[in-house]
There are 2 protein chains.
Amino acid sequence: MIEILQNPDVSEWKVLQKRPSLDYSTLRSSVQGIMKNVKKEGDRALFQFALQFDKSSLTSLAVSPQEIKNATSAISPELDKAIHIAAENIRKFHSAQQEQSRFIETMPGVQCWRKSVAIDRVGLYIPGGSAPLFSTVLMLAIPAQIAGCKEIILCTPPDANGNVHPAILHAASVAGVSRIFKTGGAQAIAAMAYGTESIPKVDKIFGPGNQYVTCAKMLAQQEGTAIDMPAGPSEVLVIADRTSNPSFVAADLLSQAEHGSDSQVILLCTDKEWMMRCQEELLKQLNQLPRKELATASLSNSRFICFNTLQQCMAFSNSYAPEHLIIACEHAEELANEVRNAGSVFIGAYTPESAGDYASGTNHTLPTSGNAKAYSGVSLDSFIKKITFQKITRDGLQQLAMAIETMAQAEGLTAHKNAVSIRLNKYIA
Amino acid sequence: MIEILQNPDVSEWKVLQKRPSLDYSTLRSSVQGIMKNVKKEGDRALFQFALQFDKSSLTSLAVSPQEIKNATSAISPELDKAIHIAAENIRKFHSAQQEQSRFIETMPGVQCWRKSVAIDRVGLYIPGGSAPLFSTVLMLAIPAQIAGCKEIILCTPPDANGNVHPAILHAASVAGVSRIFKTGGAQAIAAMAYGTESIPKVDKIFGPGNQYVTCAKMLAQQEGTAIDMPAGPSEVLVIADRTSNPSFVAADLLSQAEHGSDSQVILLCTDKEWMMRCQEELLKQLNQLPRKELATASLSNSRFICFNTLQQCMAFSNSYAPEHLIIACEHAEELANEVRNAGSVFIGAYTPESAGDYASGTNHTLPTSGNAKAYSGVSLDSFIKKITFQKITRDGLQQLAMAIETMAQAEGLTAHKNAVSIRLNKYIA
């Protein structure tokens, strides 16, 4: 059984909220080695790494149109339908994030506005392995497509036969990915950061990955390629009370725990007896899971905490800043108004995290490790720049002149002042 | 005279667009040393560094209310008025960036929305030195205040007498800064990243600085504190033609050049003769500048390029992705529609960069070094998170169930599937 903590003092929260710390210092040099190699050798290095890491002898890095066609026919009609439903909802939610320019006249004759312009070329990384994360393809490529990115590149490792999982290829084709390349790990990130003969250099890199990928993204960011956000293990925090359904909550906790042994699961509740019932339910469901081992490992790091009030639960949650926050208690929507730090919030008994993970329309690429205190999840904004524009008339500049000239002078920047004075015939060189 | 290049081939652009590359490898260990010291010793280290780097023997790190009061009385009425005009315009432009939540029903019973929530605590860094950058105080603190940040911390180095420039203190007070601390350089960034006895740990760090500050911000970001954006030397690119006013353009180029010897100045034009006239004007104005030396050094790295068409100029500009883009040619507004990569764009003869630097209302904290390809300048968005929320009814979940269950199964995540099935009585443990 998992220990249930009772009303821990605020001074103890920091320890209870500790995440597994990621130390890249040992990886760093080997990742740097891989990246340097790709920078220098280009495609040659990628072929070599595919052989070494993916046991795959490739003749081409690019996925061919025929391979995509084959993938689409290999998908069951049911999965195809599911992907289209999810894609449609993701499209609806992210399309609503489009913004028209608003022209603001800050003073008469001084017109300022912002315009959303798509990032030209984005690169998406999708990990390989046993579970093909084709849902992430939808979550990244659909907003990129809505934003109007000119080119959407996707890199994913091949299997030992040189193939990519058909669900990934099909999702990529549904979501408007421009080109797909068979390369994984740090080498894929390097390829998108520097460009190779086959793979174009991109302006921003998105997507999840193991610690090599995460480290490579960090290094790429330092060298000037933007990335979506810092990565860390997935997390859920559930706030419940005695009115919550223990089976539902147990299922939600397990759906987080099955991600991996470093997943974080936190249950906060105002009723200890209910928490015991939820634990029983959890163990019953756990026993039937194919990924039971991973989930068990993850649960060993989980926290079950009983607070006196829902307000204390919310204070703890805001201090933890969970990636996913499920509010399963009574009056959940009211409590949701008090959320200050979270990636994505799921309100009420019939809103499992799985809905947002796959198909409700919200994005599942979210800030982990407490980054929700300062970062938002991926959205349309992640694929655009908002460029400011201004247009000033001569009269408008006259209105502004005193402020600009005085401030520039006080900052000791005479040429800044002159740029105004000369336009208003107050200065002639 | 500056060499005027004629129609360089696209293949040559990369070299022409090269920025001074910043190499932190030599700084890194000394910055890490400073940061570790602050992490371990807290205030004690900050007092020590103030003595060492600022020659300032402090008794308190916090600026007192009396010091702010004194600063306000030390400001000339003219400068006070200028600061208030600028603040008002910045407030207008950034207030218009506030967004109401829009509730999107992606399917019947599936309601999703985003809510803007302020980052709780932000830290602003303002460099010291000869020119007090009080305009940057306004540019960072005003959007933070509009966003609703609970606490706005400002760090800036003291002078040898332990004082902060009155213009910085006054601007901070006008813009709603909560608390000001006398500490500069990498140690100030460390203080805000880790927290000390006097200075609270912040969620995100903003502001310009020298290479030590920039390096410290990068390290803080790696360790989990968000930062505004990667920093680099300031830049302007001007697009002109024979209808442009050579004195105005020369003044704009100089207002960039006077920033520092590593500032980047690029002039693109479709008329070589006009460019010669602009150069003459430039030299005349240069001779009268107090910061003539810095500007001269910066101009030695500048590029004057003559293209056949304005379209080529714009293509070059989009490829360079300037921090500031001034479009001074005929039909400037039309050409502005083709901007894809820039931090802030200034349209027409009476829109000098100085206007946006100080008082028109747009933000002057902008992406440099080509980062405008993927980053936006500072805006209200920089001080908020957009948290997604969703609320699903039982019927809504029924609508989504097939998509979620099928996709979760295909990704091998059974517990994700169960979280839906159990709610619809299709699964009992």
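Our structure is the block above this text.
> Can you help me understand the pairing of strand β3 (residues 110-118) of chain B in this one?
Looking along a regular strand, one sees the side chains alternate between the two faces of the sheet. All names here are of chain B. Across three bridges, the pairing between strand β2 (residues 104-107) and β3 is antiparallel. Considered in β3, the bridge of E105 is made with Q111. Turn length for the β2-β3 hairpin, with the two strands adjacent in sequence and antiparallel, is two residues, and the turn residue G109 shows positive phi of about 85 degrees. When β3 meets strand β14 (residues 384-392), the two strands line up antiparallel, connected through nine bridges. Among the inter-strand pairings, W113 is bridged to a residue of β14, identified as F389.

> How should the relation of the copies chain A and chain B be read in this particular structure?
Related by rotation about an axis and a shift along that axis, the two copies of the chain form a pair. For the pair chain A and chain B, the best superposition has an RMSD of 0.0 Å and corresponds to a rotation of 180 degrees with a translation of 0.0 Å parallel to the axis. Both chain copies can therefore be described as sitting about a two-fold axis.

> Can you help me understand the side chain of E281 of chain B in this one?
Among the structural elements, E281 of chain B can be located in helix α11 (residues 272-287). With a relative accessible area of 12%, E281 of chain B lands in the buried category. The contacts of E281 of chain B, once residues within four sequence positions are left out, are I422 and A429 of chain A together with P246, S247 and A250 of chain B.

> Would you explain the environment of F93 of chain B in this entry?
For F93 of chain B, the location among the structural elements is in helix α5 (residues 77-95). With near-sequence residues (within four places) excluded, F93 of chain B lies in contact with I104, T106, C112, W113, R114 and T388 of chain A together with G361 and T362 of chain B.

> I keep staring at the sheet that holds strand β8 (residues 226-227) of chain B and nothing clicks. Help me out?
Across a sheet, strands are paired by hydrogen bonds formed along the backbone, either parallel or antiparallel in direction. Residues and elements named next belong to chain B. Taking strand neighbours across the sheet as the criterion, the five strands line up as β6-β5-β4-β7-β8 in an open arrangement whose pairing is parallel. Of all strands in the sheet, those with a lone pairing partner are β6 (179-182) and β8, marking the two edges. Pairing between strand β4 (residues 121-125) and strand β7 (residues 204-206): three bridges, direction parallel. Bridged to V122 within β7 is K204. Across the sheet, helix α8 (residues 185-194) lies against β4, β5 (151-156) and β7, angled at about 180 degrees from β4, the strand it touches most. Strands β4, β7 and β8 of the sheet are contacted by helix α9 (residues 211-222), whose axis makes an angle of about 165 degrees with β7.

Criteria and thresholds
- Residues numbered from 1 in each chain as written.
- Chains lettered and ligands numbered in written order.
- Predicted model: local features only at pLDDT ≥ 70, side-chain atom pairs only at ≥ 80, totals over all residues.
- Heavy atoms only, no water.
- Pairing = 2+ DSSP bridges.
- Helix = DSSP H or I, 4+ residues; strand = E, 2+ residues; numbered from the N terminus.
- Least-squares fit on C-alpha atoms with pLDDT ≥ 70 in both.
- Buried < 20%, exposed > 50% of the residue type's maximum accessible area, 1.4 Å probe, protein only.
- Contact = heavy atoms within 4.5 Å.
- Axes fitted to C-alpha atoms, helices over the stretch in contact; angles between N-to-C directions.

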